[in-house]
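As a plain string of letters, each chain reads:
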Amino acid sequence: MDRFDVVVLGGGPGGYPAAIRASQLGRSVALVEASRLGGECTNFGCIPTKSMIRPVELLSSLSKLPFVKLGYEIDYPSYMEWVSSIASRVSEGVASLLRRYNVEVYNARGRVLEPGVLELSDGRRIGYDELVVATGTEPTSIPGLDFDGVLIHNNRTILGVRGKPSRILIVGAGYIGVEFANVMAKLGVEVHMVEVMDRVLPAMDEDFSRLMSRRFSRMGVKVYTSTRVLEVKRGEGMLGLGFPTTPRLR
Ligand SMILES: Cc1cc2nc3c(=O)[nH]c(=O)nc-3n(C[C@H](O)[C@H](O)[C@H](O)COP(=O)(O)OP(=O)(O)OC[C@H]3O[C@@H](n4cnc5c(N)ncnc54)[C@H](O)[C@@H]3O)c2cc1C
């Protein structure tokens, strides 16, 4: 059985810097990641959404210049391929950082077998003196709005869609919902957003909420606050996004 001073469970932005730091401090370190290095942020969160927004905002800024004649259109399938390639590149960057700092990476799901021993999904076991749990969160369906990756999406499955939706209903106006509403609206998708609380970005400063609401109204995004989704009726060309997350307790 391999043994390390420190084992980090989870290779997201919580886990991989912890592993690098422990190594910089002279410990022998392993990192166990069940999926892709970089976690939610790199693969399904911050990086893909910022990659989606950048070209759209660029085109939108250019189109406001009176002397620029734009006839461009975003080719959605290749745009989303490009977004996915950026996430992959950043994930590879995380892998090379971990190599550079001599962090041993195990591509497997890990669980604590007994204090000091982690069991991996491929059957291996690794020993540790200290364990850092950085297993993050994962998307959670709302009852009646179960993700199917076809009609009802979460932040992960929507990135795999290669046909541009004509209309989208976004459930939840937290920062993730707002980010997708913004980019989808700028892509020319008809966006409806439902929020159970009385304002968009309910966890943020009220002034910021108001600013965002005004912006959405200018962009033509239809926002329904103090509203709960009760039922979903399936129709052509519609996509839904739900964004609550729950901590993974393993
Ligand atoms: C659409 C979107 C946009 C976002 N934009 C931003 C932003 O602009 N700025 C910002 O700061 N944050 C943003 N976030 C939030 C950010 O993604 C999270 O805060 C961050 O990813 C949390 O990092 P983490 O390491 O705690 O968890 P995660 O990134 O979830 O990483 C946990 C990792 O642990 C792995 N794992 C779980 N269980 C096990 C196990 N048993 N064995 C092995 N591996 C396991 C998972 O596969 C995962 O890779 C965004 C999120 C989303 C969804």
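Residues numbered from 1 in each chain as written. Predicted model: local features only at pLDDT ≥ 70, side-chain atom pairs only at ≥ 80, totals over all residues. Heavy atoms only, no water.

**Topic: the sheet that holds strand 2 (residues 29–33)**
Put simply, the rule reads: Here, any two strands with at least 2 DSSP bridges between them count as paired. Starting at the N terminus, helices and strands are each numbered in turn, a helix being any DSSP run of H or I of at least four residues and a strand any DSSP run of E of at least two. Here an angle of 0 to 180 degrees is reported between the N-to-C directions of two axes, which are lines fitted to C-alpha atoms, with helices fitted over the stretch in contact. Whether two residues touch is decided by their heavy atoms; if any such pair falls within 4.5 Å, the residues are in contact.
Pairing is mixed in the open sheet, where 6 strands are placed in the order 3-2-1-6-5-4. What marks the edges here is a single partner per strand, and that holds for strand 3 (104–107) and strand 4 (110–114). Neighbour-to-neighbour, the strand axes of the sheet open up by a mean angle of 45°, direction not taken into account. One ladder, built from 3 bridges, connects strand 5 (residues 117–120) with strand 6 (residues 125–133); its direction is antiparallel. For Leu 118, the partnering residue across the bridge sits in strand 6 and is Ile 126. Most of the contacts of helix 1 (residues 15–24) go to strand 2, to which it runs at about 170°, and overall it touches strand 1 (2–9), strand 2 and strand 6.

**Regarding the domain arrangement of the chain**
The test is simple: For each domain, the first and last residues come from an automatic or database assignment. Any Lys or Arg side-chain nitrogen found within 4 Å of a carboxyl oxygen on Asp or Glu counts as a salt bridge. Pairing of N or O atoms within 3.5 Å defines a polar contact, subject to two protein rules: one partner must be a possible hydrogen donor and the other a possible acceptor, and residues neighboring in sequence count only if both atoms are side-chain atoms. Each residue gets one label: Ala, Val, Leu, Ile, Met, Phe, Trp, Tyr, Cys and Pro are nonpolar, Asp, Glu, Lys and Arg are charged, and the others, such as Gly, are polar.
Segmentation of the chain into domains returns domain 1 (1–137) and domain 2 (157–249). Centre-to-centre, using C-alpha coordinates, domain 1 lies 25 Å away from domain 2. Opposite the 20 residues of domain 1 that make contact, domain 2 presents 19 residues. At the boundary of domain 1 with domain 2, the tally comes to 3 salt bridges. The tally of links between domain 1 and domain 2 comes to 4 residue pairs in polar contact (both at pLDDT 80 or more). Among the secondary structure elements, those contributing two or more residues to the side of domain 1 that touches domain 2 are helix 2 (39–44), helix 3 (46–63) and helix 4 (76–100). In the side of domain 1 that touches domain 2, the residues fall into 10 nonpolar, 6 polar and 4 charged.

**Some details on the state of the cysteines**
Test applied: The disulfide definition used here is simple: a pair of cysteine sulfur atoms within 2.5 Å. Only protein chains enter the accessibility calculation, which uses a 1.4 Å probe. A residue is then buried if its area is under 20% of the maximum for its type, exposed if over 50%, and partly exposed in between.
Taken as a whole and judged by the stated rule, the model has 1 disulfide. The disulfide partner of Cys 41 is Cys 46, and the S-S distance across this bridge is 2.2 Å. Here the S-S torsion is close to -130°, and the disulfide linking Cys 41 with Cys 46 is therefore left-handed. By relative accessible area, Cys 46 is classed as partly exposed at 33%.

**What about the nonpolar core?**
How we decide: Only buried residues count toward a nonpolar core, which is a set of Ala, Val, Leu, Ile, Met, Phe, Trp, Tyr and Cys residues joined through side-chain atoms within 4.5 Å.
Within the largest apolar cluster, 29 residues are counted, with the highest numbers of intra-cluster contacts made by Met 52, Tyr 79, Val 183, Met 184, Leu 187, Val 191 and Met 193. It is helix 5 (residues 175–186) that contributes the most residues to this core, 6 residues altogether. When residues are assigned to domains, this core turns out to be shared by domain 1 (1–137) and domain 2 (157–249), each giving three or more. Setting aside chain neighbours within four positions, we find Val 183 in contact with Met 52, Ile 53, Val 56 and Tyr 79. Grouped together as the second largest cluster of nonpolar side chains are 13 residues, Tyr 16, Ile 20, Leu 31 and Val 103 included.

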